[in-house]
Amino acid sequence: MCWANLWMNAASPVLSQTGPGQFEIASLDGSAAQRVRDEAEAAWRWLALPLDLPVAGFSSPIFVRLIPAETWSEPLPFRVVAEPGGVVSLRLRWSEAMPDVDVRTALVQALLVRISVAAHGVNTHLIIPSWLQQACVEWWRIRAEPAQADALQQESAVLPPPALEAVLQGDRGVLESRPMQIGALWLFAWLQAESGSVGEWALYRSRLLAGADPEVALAECFSGRFADTIERELWWQTGWHHLRRARTQPQLGSVEARAALTDLARFVFIVGEADAVVPLRSILSRRAEPVVKAALAERSAELQRLLPALHPFYLNAGLALADCFALTLKGQDLEVNVTEFEREWDDALDLETTARVALDQWVATRSK
């Protein structure tokens, strides 16, 4: 079924893309498309590393169709479909009151299905583990709002870790309980932390999305961590308590910080019938216009939440961008602040590149 044929309404939809091979959103409501596009950009930003999303995007994007709530007839708020040709589409019931968590859950499920289809094709074994989907939603939340990581640790302190089998085999209803949601997130983080140079986490993730039994695949991919179910439970509980007691300040990695600031400084508006990237200087010069003013206020609020968690390489660039977003900025100050942001941004990129090269050289030396 062709994506274009999904639209049965005579009205022309607004089409919006997050990036090549990522998400394409279609809606009869421009503001709805904007909101979902912002969430889709965040999904790609925060899940790119743990899910190893392709830098160039997929061969075809995830097609998202927003359906007005009054015409929605299905029992669940969204449905993800993988078609025989490899096209993945998401139909999402839409209203202004749609909770963010429902939007995020829908986008995460669509993203996981697209990863599975890209690696394994469309087949009858395509099942998204409930715990993995829930973990991605929670991971997204604490990365987008780093202060939530501290709150999560405090919440975990009074909870016993759920049994690993219950987390791995839990269905959607079971994983809606808060202890199981936290368990899914800590397991997601623990498996990444335990993954060594042979890439156990990447292998396990691939096996899961191919339909493998999660417990069998865990034993095979993370071999040497435990000999039986008793040792496996001890290994898991050790991970739970280690993560909930860690007192490091929540901080984004350099790659995540770079991606976050890139998205915040990148403005896409619908020009005619297509999306167009508008340069930062042009946006700031039109800050008195209501639409631009609202966009700047929203970006400014999001940036203020992220500043405490920015990687040191990108902190100065973040502060300079915050100055650019200040609604009182005008005249010559605008040019000065944009120039300062560009300078700090170039310095940050140089720092990240230099550090990566030095680390690669150190690893190469150690491996000899």
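Since we're looking at a predicted model, the values are computed, not measured.

Focus: the packing of aromatic side chains
- Under the defined criterion, the tally for this structure stands at 11 aromatic pairs.
- Summarising the aromatic geometry, the rings of Y204 and F222 are spaced 6.0 Å apart at their centres and angled 80° between planes, so their arrangement reads as edge-to-face. Placement of Y204 in helix α7 (residues 200-209) and of F222 in the loop between α8 (214-221) and α9 (229-245) is noted, with a sequence separation of 18 residues between them.
- The buried category is assigned to F222, whose relative accessible area is 0%.
- Judged by centre distance (6.1 Å) and plane angle (35°), the rings of F341 and W345 are tilted. Taken together, the positions of F341 and W345, both in helix α14 (residues 331-367) and 4 residues apart, correspond to about one turn of that helix.

Re the sheet that holds strand β5 (residues 88-94)
- Judged by pairing direction, the sheet is mixed, and its 5 strands sit side by side in the order β1-β2-β3-β5-β4 without closing on themselves. Each edge of the open sheet is held by one strand with a lone partner, namely β1 (14-17) and β4 (78-82). On average, each strand axis in the sheet is tilted by 20° relative to the strand beside it, whichever way the strands run.
- Sheet topology note: the β4/β5 ladder contains 5 bridges and is antiparallel. In the strand pairing of β5, A82 is matched with V88.
- Packing against the sheet, helix α1 (residues 30-51) makes contact with β1, β2 (23-27), β3 (62-68) and β5, and its axis sits at approximately 165° to β2.
- Here helix α2 (residues 100-120) sits on the sheet and contacts β2, β3, β4 and β5; the angle it forms with β4, its principal contact strand, is near 10°.

Points about the environment of V268
- Locating V268 in the fold gives a position in strand β6 (residues 267-271).
- For V268, a relative accessible area of 7% puts it in the buried group.
- For the pair V268 and V278, spaced 10 residues apart in sequence, the C-alpha to C-alpha distance is 6.0 Å.
- Here V268 is in contact with Q34, R37, D275, A276 and V277, once residues within four sequence places are set aside.

Regarding unusual backbone geometry
- The phi torsion at D52 lies on the positive side, around 55°, for a residue other than glycine.
- Residue placement: D52 occurs in the loop between α1 and β3.

Points about helix α13 (residues 312-325)
- The first and last C-alpha atoms of α13 sit 20 Å apart over 14 residues, in line with the 20 Å expected at 1.5 Å per residue.
- If you check which residues of α13 are buried, you get Y314, A317, G318, A320, L321, A322, C324 and F325.

Here's the deal with the confidence of the model for the protein
- Residues of the protein with pLDDT of at least 70 account for 89%, and the chain-wide mean is 85.
- The low-confidence segment residues 1-10, where pLDDT is below 50, has 17 contacts with residues more than four positions distant or belonging to other chains.

Considering the packing of α7 against α8
- As a packed pair, α7 and α8 sit with axes 10 Å apart at the nearest point and diverge in direction by 155°. What the angle tells us is that α7 and α8 run roughly antiparallel. The two elements α7 and α8 meet at a crossing, and its hand is right-handed. Residues E200, L203, Y204, R207 and L208 of α7 form the contact with α8, whose participating residues are P214, A217, L218, E220 and C221.
- Its residues assigned to classes, the contact of α7 with α8 comprises 7 nonpolar, no polar and 3 charged.

Parameters and conventions
- Residues numbered from 1 in each chain as written.
- Predicted model: local features only at pLDDT ≥ 70, side-chain atom pairs only at ≥ 80, totals over all residues.
- Heavy atoms only, no water.
- Phe/Tyr/Trp six-rings, centres within 6.5 Å; stacked < 30°, edge-to-face > 60°.
- Helix = DSSP H or I, 4+ residues; strand = E, 2+ residues; numbered from the N terminus.
- Buried < 20%, exposed > 50% of the residue type's maximum accessible area, 1.4 Å probe, protein only.
- Pairing = 2+ DSSP bridges.
- Axes fitted to C-alpha atoms, helices over the stretch in contact; angles between N-to-C directions.
- Contact = heavy atoms within 4.5 Å.
- Expected span 1.5 Å × (residues − 1).
- pLDDT = per-residue confidence, 0-100.
- Parallel < 35°, antiparallel > 145°, perpendicular 65-115°, else oblique.
- Left-handed = near helix turned anticlockwise from the far one by under 90°.
- Nonpolar A, V, L, I, M, F, W, Y, C, P; charged D, E, K, R; others polar.

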